[in-house]
Amino acid sequence: MDSSSGISSNSSSGLQNSGSEGDLLDQRKRKRMISNRESARRSRLRKQKHLDGLMAQVAHLRKENHHMLTALNLTAHHYVGVESENTILRAQAAELTSRLHSLNEIVSFLCAGYNDGFPSEEEPVYGMDYGWNCSSQPIIMTAAASADAGFLY
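The structure displayed is predicted, hence computed values, not measured ones.

Chemist: I tried to follow the overall build of the chain on my own but got confused; where do I start?
Modeler: The number of helices and strands found in the chain is 2 helices and 0 strands. Across the 153 residues that make up the chain, the buried fraction comes to 6%. Of the roughly 13,500 Å² that the chain leaves accessible, carbon and sulfur atoms contribute 59%.

Take a look at the structure:
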């Protein structure tokens, strides 16, 4: 019996050893699970923080885009106004150029002394002396003068 009790004591100590090894394995397993859970929690927090940063960036970019579109629309509106004003000014310049050309022709005709069979400068038409000062310089219009003059239609 001694031998059987030795066997049983060996087997019972083997069971105790395997029980303590099992406890040790369970404890390691629990530690690993806790560590994995904590790591997963940190990973979720990093993801959430990254997502929050991206959402803030999206909001900022949308706001910036809105401001840029507003500025673009304002600039386009201003451009249309300037373009229409430019068209008006070009038409007025063309009209004034035409008028100036006509006036220069009239002055040239009057200063020519009516040499084409008309009375000369010394002979007033219908008994009137107009007193034309016929210089040889044409009438010149400047852009500043035309802008200040205003137009009546």
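The rest of the description comes next.
Chemist: Help me understand the confidence of the model for the chain in this model?
Modeler: Close inspection of predicted coordinates is inappropriate for parts of the model with low pLDDT. Per-chain confidence: the chain averages 78 in pLDDT, with 61% of residues scoring 70 or above. Below a pLDDT of 50 lies the segment residues 1–11, which in the model reaches 0 contacts outside its immediate sequence neighbourhood of four places, other chains included.

Chemist: Could you clarify how one ought to interpret the pattern of salt bridges in this entry?
Modeler: Two side chains carrying opposite charge are able to pair once their charged atoms lie near each other. Tallying each qualifying case throughout the model produces 2 salt bridges. Among the ionic pairs, R41 bridges to E38, the shortest N-O distance being 2.4 Å. In this pair, R41 and E38 both sit in helix α1 (residues 2–111), 3 residues apart, roughly one turn of the helix. Using a relative accessible area of 31% as the deciding quantity, one classes E38 as partly exposed.

Thresholds applied
- Residues numbered from 1 in each chain as written.
- Predicted model: local features only at pLDDT ≥ 70, side-chain atom pairs only at ≥ 80, totals over all residues.
- Heavy atoms only, no water.
- Helix = DSSP H or I, 4+ residues; strand = E, 2+ residues; numbered from the N terminus.
- Buried < 20%, exposed > 50% of the residue type's maximum accessible area, 1.4 Å probe, protein only.
- Areas by Shrake-Rupley, 256 points an atom, 1.4 Å probe, with all protein chains shown as cover.
- pLDDT = per-residue confidence, 0-100.
- Contact = heavy atoms within 4.5 Å.
- Salt bridge = Lys/Arg side-chain N within 4 Å of Asp/Glu carboxyl O.

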